[in-house]
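Chain by chain, the residues:
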Amino acid sequence: MSSSKDARGACITGIGCYVPEKVLTNEDLEKMVDTSDEWIVTRTGIRERRIAAETEAASDLAYHAAREAMKKAGIKAKDLDQIIVATATSDMIFPSTACVLQDRLGAKNAAAYDLTAACSGFIYGLSMAHSMILTGKAEKILVIGAEVLSSMTDYTDRTTCVLFGDGAGAVVVEPCEAGKGILATYMRSDGSYTDLLYKPGGGSRMPLTAERIRQGKQYIHMKGDGLFKYAVKAMVSAARKTASDAGLTTEDVDYLIPHQANIRIIEGVRKRLKLTKDQVIVNIDRIGNTSSASIPIAWCEFERDHPERVSEGDIFMLVAFGGGLTWGAVLYKK
Ligand code: UT7
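Residues numbered from 1 in each chain as written. Predicted model: local features only at pLDDT ≥ 70, side-chain atom pairs only at ≥ 80, totals over all residues. Heavy atoms only, no water.

Novice: If you had to explain the state of the cysteines to someone new, which residues and values would you point to?
Specialist: Taken as a whole, this structure holds two disulfides when the rule is applied. Here Cys11 is linked by a disulfide to Cys176, with a sulfur-sulfur distance of 2.1 Å. Disulfide Cys11-Cys176: the torsion about the S-S bond is 70 degrees, which places it as right-handed. Separated by 165 residues along the polypeptide, Cys11 in strand 1 (residues 8-18) and Cys176 in strand 7 (residues 166-177) bring together distant segments of the chain. Assigned by exposure class, Cys11 and Cys176 land together as buried. The disulfide partner of Cys17 is Cys300, and the gap between their sulfur atoms is 2.1 Å. With the S-S dihedral at roughly -65 degrees, the linkage between Cys17 and Cys300 falls on the left-handed side. Here Cys17, found in strand 1, pairs with Cys300, found in helix 11 (residues 294-305); they are 283 residues apart in sequence, far enough to count as distant. A single burial state applies to Cys17 and to Cys300, both of which are buried. Each bonded cysteine of the chain gets a number by its place in the sequence, and the pairs then read 1-3, 2-4. With no disulfide of its own, Cys161 has Cys119 as its nearest cysteine by sulfur position, at a separation of 17 Å. (Disulfide = S-S within 2.5 Å. Helix = DSSP H or I, 4+ residues; strand = E, 2+ residues; numbered from the N terminus. Buried < 20%, exposed > 50% of the residue type's maximum accessible area, 1.4 Å probe, protein only.)

Novice: Tell me what's going on with the pairing of strand 4 (residues 82-86), and back it up with residues and numbers.
Specialist: The element strand 4 is extensively covered by neighbouring structure, given that five of its five residues are classed as buried. By the alternation rule, side chains of strand 4 split into Gln82, Ile84 and Ala86 and Ile83 and Val85, which are all buried. Once you follow strand 4 into helix 4 (residues 97-105) and on to strand 5 (residues 111-115), the crossover reads as right-handed. Across five bridges, the pairing between strand 4 and strand 6 (residues 141-148) is parallel. Looking across to strand 6, one finds that Ile84 is bridged to Val143. (Right-handed = clockwise from strand over helix to strand, strands pointing away. Pairing = 2+ DSSP bridges.)

Novice: Which residues make up helix 3 (residues 58-73), and what values do they have?
Specialist: A rise of 1.5 Å per residue sets the reference length of helix 3, with its 16 residues, at 22 Å; its end C-alpha atoms lie 22 Å apart and thus fit the reference within 8%. For helix 3, the full list of buried residues reads Ala58, Ser59, Asp60, Leu61, Ala62, Tyr63, Ala65, Ala66, Ala69, Met70 and Ala73. Residues of helix 3 that are buried sit in contact with strand 1, helix 4, strand 6 and strand 7. One or two steps after helix 3, the chain reaches Gly74, where phi turns positive at roughly 70 degrees. (Expected span 1.5 Å × (residues − 1). Contact = heavy atoms within 4.5 Å.)

Novice: Residue-level account of the packing of helix 8 (residues 224-245) against helix 9 (residues 263-272), with values.
Specialist: Describing two packed helices takes the angle between their axes plus the distance from one axis to the other. Closest axis-to-axis distance for the helix 8/helix 9 pair is 9 Å, and the angle between their directions is 40 degrees. As judged from the angle between their axes, helix 8 and helix 9 are oblique. The element helix 8 and its partner helix 9 pack so that their crossing is right-handed. Contacts between helix 8 and helix 9 pair Phe228, Ala231, Val232, Met235, Val236 and Arg240 from the former with Arg264, Ile265, Gly268, Val269 and Arg272 from the latter. (Axes fitted to C-alpha atoms, helices over the stretch in contact; angles between N-to-C directions. Parallel < 35°, antiparallel > 145°, perpendicular 65-115°, else oblique. Left-handed = near helix turned anticlockwise from the far one by under 90°.)

Novice: Give a detailed account of unusual backbone geometry, specifying residues and quantitative values.
Specialist: Between Phe94 and Pro95 the backbone carries a cis peptide bond, its omega angle lying at 0 degrees. Note that the residue after Gly324, namely Leu325, is joined by a cis bond; omega there is -10 degrees. On the secondary structure map, Leu325 appears in the loop between strand 12 (315-322) and strand 13 (326-333). Although it is not a glycine, Ala118 adopts a positive phi angle of roughly 50 degrees. Examined against the element boundaries, Ala118 turns out to sit in the loop between strand 5 and helix 5 (121-134). Positive phi outside glycine occurs at Ser291, with the angle close to 50 degrees. With respect to the helices and strands, Ser291 occurs in the loop between helix 10 (284-287) and helix 11. Judged by relative accessible area, which is 5%, Ser291 ranks as buried.

What is shown is where atoms sit, not what they do.
Pasting the structure below:
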C-alpha cells in the first residue's frame, strides 16, 4: 500500500458470506402456524430462509464468512488489527462474539469488539472501519454482520416467525487510493421507538426467570406496521444524504443494496430513488431477513453469482433500517 495516511481511501479487498444448510420454507411454516405461502410472499417477498443448526452460534456463521473474505483479500488472520462483529444475537452477552471469533481465527494481533445496531449494524461497522482506516488507526479490519435470529424467534408467533433467517456476511477493509472505496457514510438513531422492535428479556432490565420465559420475554417482539412507516422514509433520506455528502446524487448510483426486511419496503425505496429493478440487489426470497447480515450476504452473492455485472468505477449504495430505531447508508465506489 503506497498511499499516505493523510490522503487515503478505505476499500473492501475481500467479501465472504455463509448461510446454514437447513432451509425453512413457507410450506414448512404453514404446518407450524396459521399462515400461508400466499400471505408471506405477497406481504413480505420471502419464500424460504436458512436456519442454523443447534450447534451453530453467531461466531460459527461469522467464521465461515470471515475465512472467505480473508482468502479473497489474500490476508492472514494475524494481519488483522481489528475485528468488528455487528450482531443482535451474540454467542453470549459477554465476552463479545468478536473475541470468540478472534480466537477461532487465530487473529492474535487484533482488537475485537461487537457492535449493536440491529439491522443497521453492518452499515455502522463499515462506517467505523472507514474512520479507523482514514485516521490511520488501523490497516486491516474485518467487518462482519452475523445473526442467528432463529435463537430468539417465537415459532408460535406468525407475525414474526415467517420473517427471520440466519446467516453471516464479512468484508476486509484496507487502505487504498483516495477517491475509491467508501466515499461517504451516514448513521442515525432514534431511541424513542425502542418498543417497535426489541427483545425484552435476558438483559439487565429483565433478567430471565422461569415466569418471564413462560411469558415469552426471550423472544423478538415487533410492531411491524409501525416500523414499516419509518423504514422507507428513513432509507430514502439516508441514501440521498450519503450521496450528497460524496458530492453525488442518487442518479449516480449503479446498484442499491438495501437491508432485506420486506420486498414492499425495498420497492418503496427503489421507486422513490428512481432506480430500475435491475439496479436493486434482492435475495429476500431465499434468505429472509437476516438483520445485520443481510447487506453483506446480498453483496457477496451478487459479486459471486454475477461478476460480469460488476465493473471498476461502479457506485454501490448500501442502505439499512432497523430496531433502535437505527438507520444509515454507505456509498461505495468499486
Ligand atoms: O428488519 C428490521 C426492520 N423490520 C421491518 O422493517 C419490518 C417492517 N414491517 C413489515 O415488514 C410488515 O409490517 C410485516 C411483514 C411485518 C407485516 O405486514 P403488514 O402488511 O404490515 O401486516 P399487518 O401486521 O398489518 O397484518 C395484517 C393482517 C393481520 O390480520 P388482521 O388483524 O387484519 O385480521 C395479521 O394478524 O395479517 C395478519 N398476519 C398474518 N396472516 C397470515 C400477520 N402475520 C401473518 C402471517 N400469516 N404470517
